Amino acid sequence: MFQSTFMQKAIDLSRQNVKDGKGGPFATVISRDGAVIASGTNSVTSANDPTAHAEIIAIREACRVLNSFQLAGCEIYTTCEPCPMCLGAIYWARPDKVYFANTRDDAARIGFDDLFIYEELGRPLDSRRIPMVQKMHDDALTVFREWEMKLDKVKY
């Protein structure tokens, strides 16, 4: 259930992140059972890590706290509609719900435009900006078959 205090905390964290110059104006709070279990702010430029988005940092911390690779029972409060990378991570983490404040259009207006990534995902591999070339498929497929046959695997 939406709690404005969690979104306000995310907004306050994003504002502080801008003031501190650690990254973009993005922050995320993850709650479970009415309490904050993790938070993160964008640190792409200060960490020199293109994956250091607020959602990714918060998801990693929440999973560490819960000792789980899934966020069942959790809600994510983020200051902006998640980008394609973060959206993928959110779906893999499987929280119960995501609340966001700003839209991707709002982000695009201040220079954070993810539209090209959404467009790239729909293009054939040979038409993408960064060439995607499949090699050694048969060799790699044998490992997939080994995984498929493994009896003690942890499914996700």
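Refer to the preceding data block for the structure.
All residue numbers refer to position in the chain's written sequence, counted from 1. Restriction of local features to residues with pLDDT of at least 70 applies here, the model being predicted, together with a cutoff of 80 or more for giving and counting side-chain atom pairs; totals for whole chains, interfaces and linings are based on all residues. The basis for the side-chain values is all heavy atoms of the structure; hydrogens and waters are excluded.

Asker: Please give an account of a nonpolar patch on the surface that cites residues and values.
Answerer: Nonpolar side chains collect at one region of the surface, where Phe69, Trp92, Trp147, Val154 and Tyr156 lie side by side and expose about 630 Å² of accessible area between them. Look at Phe69 and you get partly exposed, because its relative accessible area is 41%. Residues enter patches when their relative accessible area tops 30% and they take part in no salt bridge; the joining distance is 9 Å for like charges and 5 Å for the nonpolar side chains Val, Leu, Ile, Met, Phe, Trp and Tyr. For accessible areas, the Shrake-Rupley method is used with a probe of radius 1.4 Å. Any residue's cover is judged against the shown protein chains and nothing else. For salt bridges, the criterion is a side-chain nitrogen of Lys or Arg within 4 Å of an Asp or Glu carboxyl oxygen. Three exposure classes are used, based on accessible area relative to the maximum for each residue type with a 1.4 Å probe and protein chains only: buried under 20%, partly exposed in between, and exposed over 50%.

Asker: Lay out the side chain of Glu75 in plain terms, naming residues and giving numbers.
Answerer: By the secondary structure assignment, Glu75 is in strand 3 (residues 74-80). Lys and Arg are tallied as positive, Asp and Glu as negative. Neither His nor the chain termini are counted. In this structure, Glu75 is buried with no salt-bridge partner, the nearest side chain bearing the opposite charge being Lys97 at 5.7 Å. By the criterion applied in these results, polar contacts are pairs of N or O atoms within 3.5 Å in which, for protein atoms, one can donate a hydrogen and the other can accept it, and in which residues neighboring in sequence qualify only through two side-chain atoms. For Glu75, the side chain forms a polar contact with the main-chain nitrogen of Met1, separated by 2.6 Å. The contacts of Glu75, once residues within four sequence positions are left out, are Met1, Val29, Ile30, Ser31, Lys97 and Tyr99. Here a strand is any run of E in DSSP of at least two residues, a helix any run of H or I of at least four, and the numbering for each starts at the N terminus. The criterion used for residue contact is that any of the two residues' heavy atoms lie within 4.5 Å.

Asker: Give me the pattern of salt bridges: which residues, what numbers.
Answerer: Scanning the entire structure with this criterion turns up 5 salt bridges. Arg15 is the salt-bridge partner of Asp12, the closest N and O atoms lying 3.9 Å from each other. Residue Asp12 and its partner Arg15 are both found in helix 1 (residues 4-20); the two are separated by 3 residues, about one turn of the helix. What makes Asp12 partly exposed here is its relative accessible area of 39%. In this structure, Glu61 and Arg64 form a salt bridge, with 2.7 Å as the shortest nitrogen-oxygen distance. Of this pair, Glu61 and Arg64 both sit in helix 3 (residues 54-66), 3 residues apart, which is roughly one turn of the helix.

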